[in-house]
Amino acid sequence: MASVGKHIRHLRTARGLTQEQLAEMLFVTRQTVSVWETGRAQPDLETLERIAAALETDVTEVIYGVSRPQALGPLKCRWAMIGGIIAIIIVFVFIILFKNGTYGAWRYGLSSQLSSADYTLSYNEVPGSWSVKLDLVDLDSNAGKILYEDESGCRILVDVVDEHEGAYRVWFRSYGVCGWKGGTLVSGCQTVPAECSSGQDAPLRQTAVSGEDSFWTWETYASMTAAVDGADYPCTLAGESSLIYKNGNQFGFHLNPRRSDGEPVDIGGLEQITVTVSGLTRLSTQRIAHFWDIG
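Here is what the cut-offs are and how they apply
- Per chain, residues are indexed from 1 in the order of the written sequence.
- Confidence filtering applies because this is a predicted model: local features only for residues at pLDDT of at least 70, side-chain atom pairs given and counted only at 80 or more, and all residues used for totals across whole chains, interfaces and linings.
- Heavy atoms from the whole structure form the basis of all side-chain values; hydrogens and water molecules are not counted.
- Strands were regarded as paired on the criterion that DSSP finds at least two bridges between them.
- Under the scheme used here, helices are H or I runs from DSSP no shorter than 4 residues and strands are E runs no shorter than 2 residues, and both carry numbers assigned from the N terminus.
- Helix axes use the C-alpha atoms of the stretch in contact, all axes being lines fitted to C-alpha atoms, and the angles between their N-to-C directions lie in the range 0 to 180 degrees.
- Only residues whose relative accessible area exceeds 30% and that take part in no salt bridge are eligible for patches, with like-charged residues grouped when within 9 Å of each other and nonpolar side chains (Val, Leu, Ile, Met, Phe, Trp, Tyr) grouped when within 5 Å.
- With residues, only the protein chains shown are counted as cover, and all accessible areas are computed by Shrake-Rupley using a 1.4 Å probe.
- Salt bridge, as used here, is a side-chain nitrogen of Lys or Arg placed within 4 Å of a carboxyl oxygen of Asp or Glu.
- The rule is simple: take the accessible area with a 1.4 Å probe, protein chains only, and divide by the maximum for that residue type; under 20% is buried, over 50% is exposed, in between is partly exposed.
- Regarding the arc, it is the one traced by the directions from the helix axis to the C-beta atoms.
- To qualify as a nonpolar core, a set must consist of buried Ala, Val, Leu, Ile, Met, Phe, Trp, Tyr and Cys residues joined through side-chain atoms within 4.5 Å.
- Contacts are residue-level and defined by heavy atoms, with any inter-residue pair within 4.5 Å sufficient.

The next point concerns the sheet that holds strand β12 (residues 248–254). Remark on secondary structure: sheet strands pair via backbone hydrogen bonds, oriented parallel or antiparallel. One open sheet accounts for 4 strands, arranged β2-β3-β4-β12; its pairing is antiparallel. Looking at which strands have only one partner, the edges of the open sheet turn out to be β2 (146–149) and β12. Ignoring which end each strand starts from, the neighbouring axes of this sheet average 25° apart. Pairing of strand β3 (residues 155–164) with strand β4 (residues 167–175) involves 9 bridges; the strand directions are antiparallel.

Next comes the structure, spelled out in structure tokens:
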């Protein structure tokens with residue numbers, strides 16, 4: 001009973017009423033209201049309903065201190081409508097981001113732009129040559145050595161030096177930069193068009209672009225020499241170039257320096273060897289503007 005009295009007092013004071021004012025509204029004495037609020041007596045159900053009406057609330061709040069829950073139907077409809085609007089906005093924004101290349105640049109990077117008809121592709125030869133010293137004793141120590149880097153953020157690092165069929169190979173990893181408006185990559189490779197018959201699957205390491213029968217494939221254009229006894233000797237390519245990754249690609253050479261007559265140069269016993277790469281290419285992509293582009 002004491003809790004009911006506390007609730008009556010709380011609701012009364014919250015509405016700025018005195019005991020006398022509430023008593024007049026209920027046609028009882030002030031002492032009766034005081035008895036209720038001190039818990040010495042409890043009003044019957046009919047009186048509780050009158051108290052609730054006078055205090056502009058419901059009986060549940062007078063008895064338990066908590067108002068009756070509001071009807072959930074309209075509330076659920078309201079939130080369903082809000083959720084539907086939010087979902088439509090999200091889908092609309094996603095379509096815009098997908099259409100203008102933002103999603104592709106974030107999810108697939110350069111590989112998306114090089115395979116999209118919405119981007120133009122241009123090449124520029126990077127003049128000069130770049131050298132790096134390789135350790136032939138501790139092959140793992142070569143990973144991460146820098147062959148090339150520039151202010152745009154493009155880099156070429158030594159990916160791995162390994163042994164293959166009794167000879168060494170060095171693989172380089174190109175890292176480019178990419179945004180939804182375009183990107184750039186400095187690499188030892190270029191893409192060249194390759195024709196495939198309609199309905200025929202594209203060969204491995206080829207990426208579809210505009211036109212059903214038009215594909216790009218990678219070819220290594222760079223060359224590498226190795227310095228032995230103060231002379232530079234050319235090295236041969238190590239197989240095919242790798243398909244573009246999200247932010248770059250890979251290309252490699254056999255570490256088999258050869259004389260002009262094709263005879264191999266003996267590098268047995270060497271602990272270190274300096275290799276020099278030239279003929280790098282800067283690939284640049286640029287988005288073709290559309291009416292749905294943002295930013």
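Text resumes after the structure shown.
Nonpolar side chains collect at one region of the surface, where W79, I82, I86 and I90 lie side by side and expose about 410 Å² of accessible area between them. Relative to the elements of secondary structure, I82 occurs in helix α6 (residues 72–99).

Attention now goes to helix α4 (residues 45–54). For α4, the complete set of buried residues consists of T47, L48, I51, A52 and A54. Buried residues of α4 fall within an arc of 160° about the axis and therefore sit on the same side. Away from the buried face of α4 by more than 90 degrees, exposed residues L45, E46 and A53 are located. A positive phi of about 55° marks E56, the residue just after α4.

Before going further, it helps to spend a moment on the pattern of salt bridges. A side chain with one charge can pair with a side chain of the opposite charge if their charged atoms come near. Scanning all chains against the criterion turns up 5 salt bridges. For R169, the salt bridge goes to D162, with nearest N and O atoms at 3.0 Å.

So, on to unusual backbone geometry. Non-glycine residue E56 carries a positive phi angle of around 55°. Along the polypeptide, E56 turns up in the loop between α4 and α5 (59–64). A positive phi angle is found at D229, which is not glycine, with a value near 55°. Its place among the elements puts D229 in the loop between β10 (223–228) and β11 (231–234).

With that out of the way, let us pick up the nonpolar core. Counting residues in hydrophobic clusters, the biggest one holds 32 residues, and the most contacted among them are L134, F172, M224, L255 and L280. Of all the elements in the fold, those that place two or more residues in this core are β1 (119–135), β2, β3, β4, β10, β12 and β13 (272–287). Those residues within four positions of L255 in sequence are excluded, and the remaining contacts are L134, L136, Y168, R169, M224, A226, C235, I267, I273 and V275. In this structure, L17, L22, A52 and L55 belong to the second largest nonpolar core, which totals 16 residues.

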